[in-house]
There are 2 protein chains.
Amino acid sequence: MEWTQEKRYLPYNKWDADTLLHLQAQAANSPAQMHYHLRPISGLVNDPNGFSFFNGEYHLFYQSFPFGAVHGLKSWWHFKSKDLVHWENLGIGLEPDAKADSHGAYSGSAKQIGDKLFIMYTGNHRTDDWERIPYQIGVWMDKDNKLGEKEILFKNPDHISEHFRDPQIIEKDGKYYAILGAQDEKEKHGHVDVWSSEDLKDWKELGFLDFSDKDMGYMIECPNLVEVDGKNVLIFCPQGLDKSIADYDNIYPNMYVVADQADLENHTLMNSSQLKNLDDGFDVYATQAFNAPNGKAYAVSWVGLPDISYPTDNENWANCLSQVKELTIENGKLLQKPVDAIKSLRENEQSFIDERELTTKAGQQYELKMKISAGQKGNLYLQANSDLSENLKLSFDTENGELVLDRSKAGEVSANYGTSRKIVLAKNKDLDLDIFVDHSLIEVFVNGGEHVLTGRFFTNQDSQKIVFDNETSYQATLWQMKTIL
Amino acid sequence: MEWTQEKRYLPYNKWDADTLLHLQAQAANSPAQMHYHLRPISGLVNDPNGFSFFNGEYHLFYQSFPFGAVHGLKSWWHFKSKDLVHWENLGIGLEPDAKADSHGAYSGSAKQIGDKLFIMYTGNHRTDDWERIPYQIGVWMDKDNKLGEKEILFKNPDHISEHFRDPQIIEKDGKYYAILGAQDEKEKHGHVDVWSSEDLKDWKELGFLDFSDKDMGYMIECPNLVEVDGKNVLIFCPQGLDKSIADYDNIYPNMYVVADQADLENHTLMNSSQLKNLDDGFDVYATQAFNAPNGKAYAVSWVGLPDISYPTDNENWANCLSQVKELTIENGKLLQKPVDAIKSLRENEQSFIDERELTTKAGQQYELKMKISAGQKGNLYLQANSDLSENLKLSFDTENGELVLDRSKAGEVSANYGTSRKIVLAKNKDLDLDIFVDHSLIEVFVNGGEHVLTGRFFTNQDSQKIVFDNETSYQATLWQMKTIL
């Protein structure tokens, strides 16, 4: 099918139900489909939205175009969970049914205020001349997950271009703030714009967030500010960032800075760190984080990137979300760890010590937790076939401190932005890996979450070998992971 | 919406996708919706179909009309499971897309033959004059759940009326058999009709199954023959059965007989028992059973009945499936027990001894396992509010041997066929109850599965008290049950 503009923006009621039923069945039956990560019920998934704790449960939405593996008319698809691991699919949650979001209910956030959930998001409206007007919209959801009236809160002021979106709602000292991704109209550079309101109705612009003296590329998307162990972490996506400011390999980066304090009234982060990549793998973007009532900061990422294609595009579905990651700061470092409840998915535990071949039948849903002793070099092949012509390779050097994830032989993956990702580690230290595989998704948590490498791969379903190329001193535990959806 | 004939039989591609998305969200968000039973993704669910073990997993389909709480154009919706408890939703599995099933892919069965699943079902075709032709259709499903070409195997012979459906495929002694529900053309009485084939293509009629000298009403639906502990159990639905033959309270009964042997070649069950109700509750029909490769017999029921309405009709969805029940015969009695894996859903165990009030917050998903000592009379209220004006009542008499399930105060339920169901038990014996509640569904397993009482109820969500009306000697354990879908 050719995805014309008309087709992408066709109202959902102009699509037929039989097509949707087949798209849903196609996504559910795909061998590449994830089974313990949130993934498309049909079509394309992008940014996580509205990640929040409401009425005693975690809520999470994602951007959805239910009709194909392209960016078309977006809605929010709704899930909830008691433990951040087992999710219940609640179906379409927020639809582009107002004039202000006529061309998409774009990304946003949510926060329980009183006994309702306040959702703040960007309505993407196009005029007849295809001029984009980014309306920032507020809508209340009640305990039965029913939405109230959508209200336009504000649009881009004159000095900000049409690239003005993804509001994060923040409550601080009895006042509400929103931070948004923005591009200034004059210089066309990326910014985080700060707004405030006393009542969630009248909003005023406070100004661009001062957190770096560097140029943030041509546009910023998906800013989130969360408190983590007394620090303030700003997670954001600066498109067009100069690689001399912070190096990255993906088409667009998902970066963060850590600041000592956030003074939103004065739109300033105090003592911000340099920019760092949030994920060192291939496919993470648009991460959304929030502070839960238990005091913890949780993050979840879109596994997928704008302007990148994947083999399942041919199956009419694309992308997924990462597992939820708990953020902590230890010894001045931001760590990302699997949430504790992920252990509830483990079954069929197997242990290994120093064996070259762990298994030829790892399955396609597993966790492999491993400590590789210091002072060694070698390769660990995952999802490998018998002659290793197909594999997902982790090359480690625990003498000089290096780890490389190489997907050059992991099926049909885009090579435009390189097929390996390298991280530098402390020298002569044991290497801790917590590896999660879910059909076509790998997440590698390195040294207790100092790094995460997330990527997609498309090896044959039968390629299930886990093997080292050489004698290696290690300890490992392998679990099959249960299906959640 | 008025459900005209035209609307019920509208092809799926004439429905719009937005309507379907909203119906799915409505079903997912309904407070009455089940969360550890298979339930509608949208619209109406009826008979379980194609219950089988294939490619290392259990497969189960249900009859689905995805667009509303009425019997319209039916398809099969597909699920699979490793343990008969955690099910994966695979979406629409078999659609009415051939001339032979133009008015519905009606009920049928499935069996792994070679490395494929052979599905045999009834295509409901209506001529322009609205005359029904029941085609029996075969179709192969491969390991990727893709269907081959549908082939018409046979239709009703002249001596059988249009009521000829629900084939169960059976393999025995290197030959294939199918048993079908039927009505003879001349007398308009119900029968089970037996067919055979060497190659699954050419079929010949062997004759009506001889299993009773009684009149089986005006029509039989959904016959299944399974081997249980050396006996042959025939489960079936004789509509219009005279209550002098076997008493029942529901609009239509789901009955069974136990025979010593089945001689399908001579279409005879040897030494059949009297007819008995398979379920002693309000809402079980169209139970489908099969023999798994592990030698066990499993059954699953439609919780719902033809020609009965339910309050969720107003929410555009209706009915669900029961949990899977393992069939055994002990001391000459057919027992139905929860499968062992249902225990994997238990959490938050609480124990009780003799306390009058167990809890005021039972939640809406729980298992309550209880032994009430012999020689007592009383009432146990479930899903009760504070003044007991709303409740689901179990009245027990362990002196005279009686148990009554009363839903007269359990919200808006149909009263046309009575609001209580009584079973007679041995006198002066302890009473074992294993009670499963899932939002608007209750299943009570009595004395290790000697009886099962299944019913729907529609109490307020906040009515969660479990209390005895008097001091009672008992032991009980209560677990919350995890969500599977």
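The structure presented is a predicted model; accordingly, all values stated were derived computationally and were not measured.

Observations regarding the overall build of chain A
At step 1: Counting its secondary structure elements, chain A contains 2 helices and 36 strands.
At step 2: On C-alpha atoms alone, chain A measures out to a radius of gyration of 22 Å, which is about the 23 Å that the 2.2 N^0.38 rule sets for 485 residues.
At step 3: Based on the C-alpha atoms only, the size of chain A along its principal axes is roughly 65 × 55 × 40 Å.
At step 4: Counting every position in chain A, which comprises 485 residues, the buried fraction comes to 63%.
At step 5: Long-range contacts, defined here as pairs at least 24 residues apart, represent 58% of the contacts in chain A between residues at least 6 apart.
At step 6: About 18,100 Å² of surface is accessible on chain A, with carbon and sulfur atoms providing 41% of the total.
At step 7: Counting 48 positive and 75 negative side-chain charges, chain A places the averaged centre of each group 2 Å from the other.

Here's the deal with the pairing of strand β6 (residues 116-126) of chain B
Two faces make up the sheet, and in a regular strand the side chains alternate between them.
All names here are of chain B.
At step 1: β6 sits mainly inside the fold: 10 of its 11 residues count as buried.
At step 2: By the bridge criterion, 7 bridges tie strand β5 (residues 105-113) to β6 in an arrangement that is antiparallel. For Ala105, the partnering residue across the bridge sits in β6 and is Gly123.
At step 3: In textbook terms, the turn of a hairpin is the stretch between consecutive antiparallel strands, and for β5 and β6 this stretch comprises 2 residues, one of which, Gly114, has a positive phi near 65°.
At step 4: Two strands pair when backbone bridges link them, and β6 and strand β7 (residues 132-141) are joined in this way by 10 bridges, in the antiparallel orientation. Looking across to β7, one finds that His125 is bridged to Ile133.
At step 5: Linking two consecutive strands that pair antiparallel, namely β6 and β7, is a turn of 5 residues; a positive phi of about 65° is found at Trp130 within it.

Some points on the interface of chain B and chain A
At step 1: Facing the 27 residues of chain B at the interface are 27 residues of chain A.
At step 2: With both chains or domains summed, chain B and chain A bury close to 2,300 Å², and 56% of this area falls on carbon and sulfur atoms.
At step 3: Between chain B and chain A we count 0 salt bridges in total.
At step 4: Secondary-structure elements contributing two or more residues to the side of chain B that touches chain A are α2 (17-29) and β4 (87-94) of chain B.
At step 5: If you tally residues by element for the side of chain B that touches chain A, the top one is α2(B), at 9 residues.
At step 6: Grouping the constituent residues of the side of chain B that touches chain A by class yields 13 nonpolar, 9 polar and 5 charged.

Some words on the relation of the copies chain B and chain A
At step 1: Here chain B sits on chain A after a turn of 180° about the axis and a move of 0.0 Å along it, with an RMSD of 0.0 Å. What the rotation and shift describe, once combined, is the action of a two-fold rotation axis.
At step 2: With an isologous cut-off of 70% or more, the 100% of interface residues of chain B that recur at the interface of chain A puts this contact in the isologous class.

Some points on the sheet that holds strand β26 (residues 357-359) of chain A
Residues and elements named next belong to chain A.
At step 1: The strand order across the open sheet built from 6 strands is β26-β35-β28-β29-β30-β31, with neighbouring strands paired in antiparallel fashion. Every other strand in the sheet has two partners, leaving β26 and β31 (420-424) as the edge strands with one partner each. Taken pair by pair, the neighbouring strands of this sheet meet at an average axis angle of 15°, ignoring direction.

Some points on the domain arrangement of chain A
Residues and elements named next belong to chain A.
At step 1: For chain A, the domain assignment lists domain 1 (5-338) and domain 2 (341-481).
At step 2: Computed from C-alpha atoms alone, the centre-to-centre distance between domain 1 and domain 2 is 29 Å.
At step 3: Residue-level contacts link 38 residues of domain 1 with 38 residues of domain 2.
At step 4: The junction of domain 1 with domain 2 conceals about 3,300 Å² of combined surface from both sides, 60% of it contributed by carbon and sulfur atoms.
At step 5: For Glu450, the salt bridge is made with Lys333, and the minimal N-O distance between the two is 3.4 Å.
At step 6: The interface formed by domain 1 and domain 2 contains 20 residue pairs in polar contact (both at pLDDT 80 or more).
At step 7: Among the secondary structure elements, those contributing two or more residues to the side of domain 1 that touches domain 2 are β22 (320-321) and β24 (333-338).
At step 8: Residue contributions to the side of domain 1 that touches domain 2 peak at 6 residues, all from β24.

Side note on the side chain of Asp101(B)
All names here are of chain B.
At step 1: Within the element layout of this structure, Asp101 appears in the loop between β4 and β5.
At step 2: Assessed through its relative accessible area of 0%, Asp101 is described here as buried.
At step 3: For Asp101, the side chain forms a polar contact with the side chain of Lys150, separated by 2.6 Å.
At step 4: Those residues within four positions of Asp101 in sequence are excluded, and the remaining contacts are Glu95, Pro96, Tyr121, Gly123, Asn124, Ile137 and Lys150.

What about unusual backbone geometry?
All names here are of chain A.
At step 1: One non-glycine residue, Asp173, adopts positive backbone phi at about 50°.
At step 2: Following the sequence through the fold, Asp173 ends up in the loop between β9 (160-172) and β10 (175-184).
At step 3: Even without a glycine there, the phi angle at Asp229 is positive, about 50°.
At step 4: By the element assignment, Asp229 lies in the loop between β13 (219-228) and β14 (231-239).
At step 5: Take Asp229: its relative accessible area is 52%, and that puts it in the exposed class.

A look at α2(B)
At step 1: Over its 13 residues, α2(B) extends 18 Å from the first C-alpha to the last, a length consistent with the 18 Å expected when each residue adds 1.5 Å.
At step 2: Ala17(B), Asp18(B), Leu20(B), Leu21(B), Leu23(B), Gln24(B), Ala25(B), Ala27(B) and Ala28(B) are the residues of α2(B) that are buried.
At step 3: Tucked inside the fold, the buried residues of α2(B) contact α2 (17-29), β3 (75-81) and β4 (87-94) of chain A together with β21 (317-318) of chain B.
At step 4: N-capping of α2(B) is provided by Asp16(B), with a side-chain oxygen placed 2.9 Å from the backbone N of Asp18(B).

Structural notes on the UniProt feature "domain: Glycosyl hydrolase family 32 N-terminal" (unreviewed entry) in chain A
At step 1: Listed under "domain: Glycosyl hydrolase family 32 N-terminal" (unreviewed entry) in the UniProt record, and renumbered for this structure, are residues 37-338 of chain A.
At step 2: Helix makes up 0% of residues 37-338 of chain A and strand 56%, and the two end C-alpha atoms of the span are 12 Å apart.

Comments concerning the UniProt feature "domain: Glycosyl hydrolase family 32 C-terminal" (unreviewed entry) in chain A
At step 1: According to UniProt, the positions carrying the feature "domain: Glycosyl hydrolase family 32 C-terminal" (unreviewed entry) are residues 343-472 of chain A.
At step 2: Secondary structure within residues 343-472 of chain A divides into 0% helix and 52% strand; the distance between the first and last C-alpha atoms comes to 27 Å.

Describing the sheet that holds β21(B)
All names here are of chain B.
At step 1: Read across the sheet, 5 strands follow the order β4-β3-β2-β1-β21 without closing on themselves; strand pairing throughout is mixed. Only two strands of the sheet have a single neighbouring strand rather than two, namely β4 and β21.
At step 2: The pairing of strand β1 (residues 43-54) with β21 spans 2 bridges and is classified as parallel. Looking across to β21, one finds that Leu44 is bridged to Ala318.

Side note on the nonpolar core
At step 1: Among the nonpolar cores identified, the biggest contains 92 residues, and Phe67(A), Trp87(A), Phe67(B) and Trp87(B) are the most heavily contacted of them.
At step 2: If we ignore the near neighbours within four places in the chain, the residues touching Phe67(B) are Ala17(A), Leu21(A), Trp3(B), Tyr12(B), Trp15(B), Leu20(B), Leu23(B) and Gly43(B).

A look at the pattern of salt bridges
Residue and element names in this part refer to chain B.
At step 1: Overall, the coordinates contain 42 salt bridges over all chains when judged by the stated rule.
At step 2: Lys82 is the partner of Glu57 in a salt bridge, and the nearest nitrogen-oxygen pair spans 3.8 Å. Here Glu57 is found in strand β2 (residues 57-65), whereas its partner Lys82 is found in the loop between β3 (75-81) and β4, with 25 residues between them in sequence.
At step 3: When the shortest N-O distance is used, the salt bridge between Asp97 and Lys150 registers 2.5 Å. Taken together, the positions of Asp97 in the loop between β4 and β5 and Lys150 in the loop between β7 and β8 (151-154) put the pair 53 residues apart, joining distant regions of the chain.
At step 4: Of the residues examined, Lys150 reaches a relative accessible area of 21% and is grouped as partly exposed.

Cut-off values and rules
- Residues numbered from 1 in each chain as written.
- Chains lettered and ligands numbered in written order.
- Predicted model: local features only at pLDDT ≥ 70, side-chain atom pairs only at ≥ 80, totals over all residues.
- Heavy atoms only, no water.
- Helix = DSSP H or I, 4+ residues; strand = E, 2+ residues; numbered from the N terminus.
- Rg over C-alpha atoms; globule rule 2.2 N^0.38 Å.
- Buried < 20%, exposed > 50% of the residue type's maximum accessible area, 1.4 Å probe, protein only.
- Contact = heavy atoms within 4.5 Å.
- Areas by Shrake-Rupley, 256 points an atom, 1.4 Å probe, with all protein chains shown as cover.
- Lys, Arg positive; Asp, Glu negative; His and termini not counted.
- Charge placed at Lys NZ, Arg CZ, Asp CG, Glu CD.
- Pairing = 2+ DSSP bridges.
- Buried area = accessible area lost by both parts, 1.4 Å probe.
- Salt bridge = Lys/Arg side-chain N within 4 Å of Asp/Glu carboxyl O.
- Nonpolar A, V, L, I, M, F, W, Y, C, P; charged D, E, K, R; others polar.
- Least-squares fit on C-alpha atoms with pLDDT ≥ 70 in both.
- Axes fitted to C-alpha atoms, helices over the stretch in contact; angles between N-to-C directions.
- Domains from an automatic or database assignment.
- Polar contact = N/O pair within 3.5 Å; in protein donor to acceptor, adjacent residues only side chain to side chain.
- Expected span 1.5 Å × (residues − 1).
- UniProt positions renumbered as here; feature names shortened; annotations may be inferred.
- Core = buried A, V, L, I, M, F, W, Y, C linked by side-chain atoms within 4.5 Å.

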